[in-house]
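# Fold and geometry: a report
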Amino acid sequence: MEGISTLDPETAFLLSNKTTGNEWELFKENVRPMKRGRNVNVLNEALKSQTDNHLKKSLIEERRRLITAIDEYKGDDPLKPWIECIKWVQESFPTGGDCSGLVVIYEQCVRAFWNSEQYKEDRRYLKVWLEYAENCADAEVIYKFLQSNGIGQSHSAYYISYGLYLESKNKLKTANEIFNLGMERKAQPIEKMEASFRKFFTRSMRRPQAPVEEPEDSHLPHRSFGTVLTTGEARRQLKQKTDLANKKLKLDRCPSTISIYKDTNESAAPSHQPEILKNDKKVFSLGTRSERNKENSAIPAKWTLTKIPQRPVSRAVPAASACIQVFVDEECAESAKAAKDEKSSLKQLRRVDGAELKKESELLKANPLRNFPAHSLPR
């Protein structure tokens with residue numbers, strides 16, 4: 001027993017044959033870290049569901065209850081039940097994955113309040129957006145969406161997260177512009193903004209500069225792999241290449257001239273005229289004034305004496321099914337459709353699990369704004 005007490009916690013837990021207490025020692029490689037940390041007791045209970053089917057079903061039922069509470073909320077802060085549901089899912093599904101439904105909940109939460117003035121500068125709402133961006137393949141489209149719709153632009157967390165993402169993609173110039181934009185707008189807290197920019201600037205200065213690319217039109221001798229050029233042969237080929245390049249450069253610089261033919265025998269010019277012009281000098285004539293005004297010389301007559309034959313026309317009665325198409329505003333229609341999709345998505349999340357939930361999560365990771373109306377997307 002003394003030897004067991006000196007072992008590490010994981011080995012001691014395996015030798016003790018316990019079923020609860022240190023499950024995190026078995027699954028800690030698969031647990032996603034969180035900035036605020038985790039409660040060990042809650043973590044152990046959550047990880048126990050990896051082997052206990054009964055506990056796993058109870059977690060899914062609890063998630064459905066929290067989603068139902070979102071629909072039934074009647075208070076002044078409709079974002080609050082969303083935050084509680086997200087935190088609970090993060091704690092109860094520590095391994096993450098598509099089966100947790102966290103990505104779908106992120107998307108439905110941000111889509112529910114993207115055009116609400118109440119949450120434009122809410123720190124909690126911005127945090128949900130940033131966590132959603134961390135789970136997507138192309139997070140830049142989310143940052144551009146937030147910028148075009150004015151969401152979270154007064155918080156330094158937006159600029160820091162956006163700048164670090166651009167730095168990870170090696171877009172240092174754009175990242176520097178984002179950091180400078182945040183400091184110009186005095187994003188709060190400004191001290192955190194300035195500290196993050198100094199660290200970014202230090203890291204960017206330590207990066208090795210990209211090698212300078214050689215020009216494509218090189219005058220060095222070209223040879224195939226495996227051949228060896230002697231010194232004399234290399235100099236001769238190099239001189240030939242240089243002479244050809246100099247000749248080509250001189251030809252390019254010299255202006256091209258075109259000689260224009262000029263007939264010196266001007267007296268012979270009339271002989272080139274056609275025979276028709278020599279024999280008949282009067283090619284076209286306007287005629288006399290009376291001939292030109294012949295359209296106005298017609299004698300007027302009574303129109304009543306002229307009758308136009310009429311064809312019999314059957315008066316068709318309009319069909320009863322004919323209707324007038326009513327104009328529909330596209331933006332209002334898209335907003336109504338988005339609200340309808342949101343409610344249907346919540347209902348679907350309550351009853352759908354497994355493969356369908358995983359498929360929806362994968363689609364959102366590839367295209368995080370796939371369910372948003374077209375007029376809200378950045379241009």
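The structure displayed is predicted, hence computed values, not measured ones. (Residues numbered from 1 in each chain as written. Predicted model: local features only at pLDDT ≥ 70, side-chain atom pairs only at ≥ 80, totals over all residues. Heavy atoms only, no water.)

### Digging into the overall build of the chain
Looking only at helices and strands, one finds 17 helices and zero strands in the chain. Residue burial in the chain is summarised as follows: out of 379 residues, 29% are buried. Here the analysis covers contacts within the chain between residues at least 6 apart in sequence; of these, 60% occur between residues at least 24 apart. (Helix = DSSP H or I, 4+ residues; strand = E, 2+ residues; numbered from the N terminus. Buried < 20%, exposed > 50% of the residue type's maximum accessible area, 1.4 Å probe, protein only. Contact = heavy atoms within 4.5 Å.)

### A look at helix H17 (residues 355–366)
Owing to its 3.6 residues per turn, the α-helix brings residues three or four apart onto one side. With twelve residues, H17 should reach 16 Å at 1.5 Å per residue; the first-to-last C-alpha distance of 17 Å fits that figure. Here H17 has its buried residues at Leu-357, Ser-361 and Leu-364. The buried residues of H17 occupy one face: seen down the axis, they fall within an arc of 65°. In this structure, H17 carries Ala-355, Glu-356, Lys-359 and Ala-366 as exposed residues pointing more than 90 degrees from its buried face. (Expected span 1.5 Å × (residues − 1). Arc of directions from axis to C-beta.)

### With respect to the packing of helix H9 (residues 140–148) against helix H10 (residues 156–168)
At a closest axis distance of 10 Å, the pairing of H9 and H10 adopts a crossing angle of 150°. For the crossing formed where H9 meets H10, the hand is left-handed. Only Tyr-158, Ser-161, Tyr-162, Tyr-165 and Leu-166 of H10 make contact with H9, whose side of the interface consists of Glu-140, Tyr-143, Lys-144, Leu-146 and Gln-147. When the residues that make up the contact of H9 with H10 are grouped by side-chain class, the tally is six nonpolar, two polar and two charged. (Axes fitted to C-alpha atoms, helices over the stretch in contact; angles between N-to-C directions. Left-handed = near helix turned anticlockwise from the far one by under 90°. Nonpolar A, V, L, I, M, F, W, Y, C, P; charged D, E, K, R; others polar.)

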